[in-house]
Amino acid sequence: MGKFLPSGRDPYAALRIRDFSFFLTARFFLTLGVQVQSVTVGIQIYNLTKDPLAVGMIGLTEAVPFLLFSLIGGYIADIVRRKFILIIATAFLLIASWSLFIVSQDGGLIDRFGPDSYRVWPIYGIIFCTGIARGFLGPVFPSFLAQLVPRTHLANAATWQSNLFQTALVTGPIIAGLIIAGLDLNYAYFTACGLMSVAFLVMLMVSNLPVPPRLEKEPLARSLTSGFRFVFSNQIMLSAFTLDLFAVLFGGAVAMI
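Just so it is clear, the model here is predicted, and its values are computed rather than measured.

Student: Would you explain a nonpolar patch on the surface in this entry?
Tutor: A surface patch of nonpolar side chains, about 550 Å² in accessible area, is lined by Leu53, Met57, Leu60, Val64, Leu68 and Phe128. Its location among the elements puts Leu60 in helix H2 (residues 52-76). With a relative accessible area of 46%, Leu60 lands in the partly exposed category.

Student: Looking at this structure, I do not really get the packing of aromatic side chains. What am I missing?
Tutor: Aromatic ring pairs are described here by two measures, namely the spacing of the ring centres and the angle between the planes. Evaluation of the coordinates by the stated rule reveals eight aromatic pairs. Measuring from ring centre to ring centre gives 5.9 Å for Phe23 and Phe144, while their planes differ by 75 degrees; the resulting arrangement is edge-to-face. You can see Phe23 sitting in helix H1 (residues 18-49) and its partner Phe144 sitting in helix H5 (residues 121-148), a full 121 residues away along the chain. We note that Phe23, like Phe144, is buried. Sitting over the ring of Phe141, Arg27 keeps its end group 4.3 Å from the ring centre.

Student: So what exactly am I meant to see when it comes to the packing of helix H3 (residues 82-103) against helix H7 (residues 185-203) here?
Tutor: Packed helix pairs are specified by the crossing angle of their axes together with the interaxial distance, meaning the distance between the axes. With their axes 9 Å apart at the nearest point, H3 and H7 run at an angle of 165 degrees to one another. Here H7 runs roughly antiparallel to H3, going by the angle between their axes. For the element pair H3 and H7, the recorded crossing hand is left-handed. In this structure, H3 uses Lys83, Leu86, Ile87, Thr90, Ala91, Leu93, Leu94, Ser97, Trp98, Leu100 and Phe101 to contact H7, whose residues at the interface are Asn186, Tyr189, Phe190, Ala192, Cys193, Met196, Ser197, Phe200 and Met203. Taken together, the residues of the contact of H3 with H7 break down into 15 nonpolar, four polar and one charged.

Rules and cut-offs
- Residues numbered from 1 in each chain as written.
- Predicted model: local features only at pLDDT ≥ 70, side-chain atom pairs only at ≥ 80, totals over all residues.
- Heavy atoms only, no water.
- Patch = residues over 30% accessible without salt bridge, like charges linked within 9 Å, V, L, I, M, F, W, Y side chains within 5 Å.
- Areas by Shrake-Rupley, 256 points an atom, 1.4 Å probe, with all protein chains shown as cover.
- Salt bridge = Lys/Arg side-chain N within 4 Å of Asp/Glu carboxyl O.
- Helix = DSSP H or I, 4+ residues; strand = E, 2+ residues; numbered from the N terminus.
- Buried < 20%, exposed > 50% of the residue type's maximum accessible area, 1.4 Å probe, protein only.
- Phe/Tyr/Trp six-rings, centres within 6.5 Å; stacked < 30°, edge-to-face > 60°.
- Lys NZ or Arg CZ within 6 Å of the ring centre and 35° of its normal.
- Axes fitted to C-alpha atoms, helices over the stretch in contact; angles between N-to-C directions.
- Parallel < 35°, antiparallel > 145°, perpendicular 65-115°, else oblique.
- Left-handed = near helix turned anticlockwise from the far one by under 90°.
- Contact = heavy atoms within 4.5 Å.
- Nonpolar A, V, L, I, M, F, W, Y, C, P; charged D, E, K, R; others polar.

So, to be careful, I would describe these as geometric facts and stop short of saying anything about function.
Spelled out as structure tokens, the structure:
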């Protein structure tokens, strides 16, 4: 049954919930796969262009659709079953990952784009598509988590999710680096595809819970504007969001490099 905290709280309480365990496992493998893929794409773009700016454009290519569609994704997560969104978005990421694997093969589709400077464009196009999928996954992950566990276990569930998410963020690039150094880029892409495939299969096992009832139905425009008004009228939240925004944009390891 596991050990208990001195306060009598079970540190493994959230893990004993079947749906949350599957959800957590799926997100771990998905994050791991995304990290392996991100490192691999960066190295391939640099090998093709020898231009650090071209590597930086990967983040911009993914960030623009992510920011645009995350606003819509939050609204859709309130009116559509969240498992359905997760399955579709994860499938979209999986297709994009296999597409990167296919176009990156020597003598494959990517070689038909001529010089190396032009061969990066199909990769950028696929990365743009992954940004769309991640724009929908961003808001649906925390909202679906709140459905899977009772409120008394929510803090415990969030702790487990945060720990495994950070673990995947750290170990993903390590796995990618070891595979690329010991084998090549194709094996790293294949590994990313395999990890995302596991995530997709595990996500299918999570219960398809209904959308929680809403007190008031709002159109998309009104929902977005009310959210912005709330954030900008709350100085504490605005300060926290702004601090986190600049820390992520300018204080991350990739940005510093």
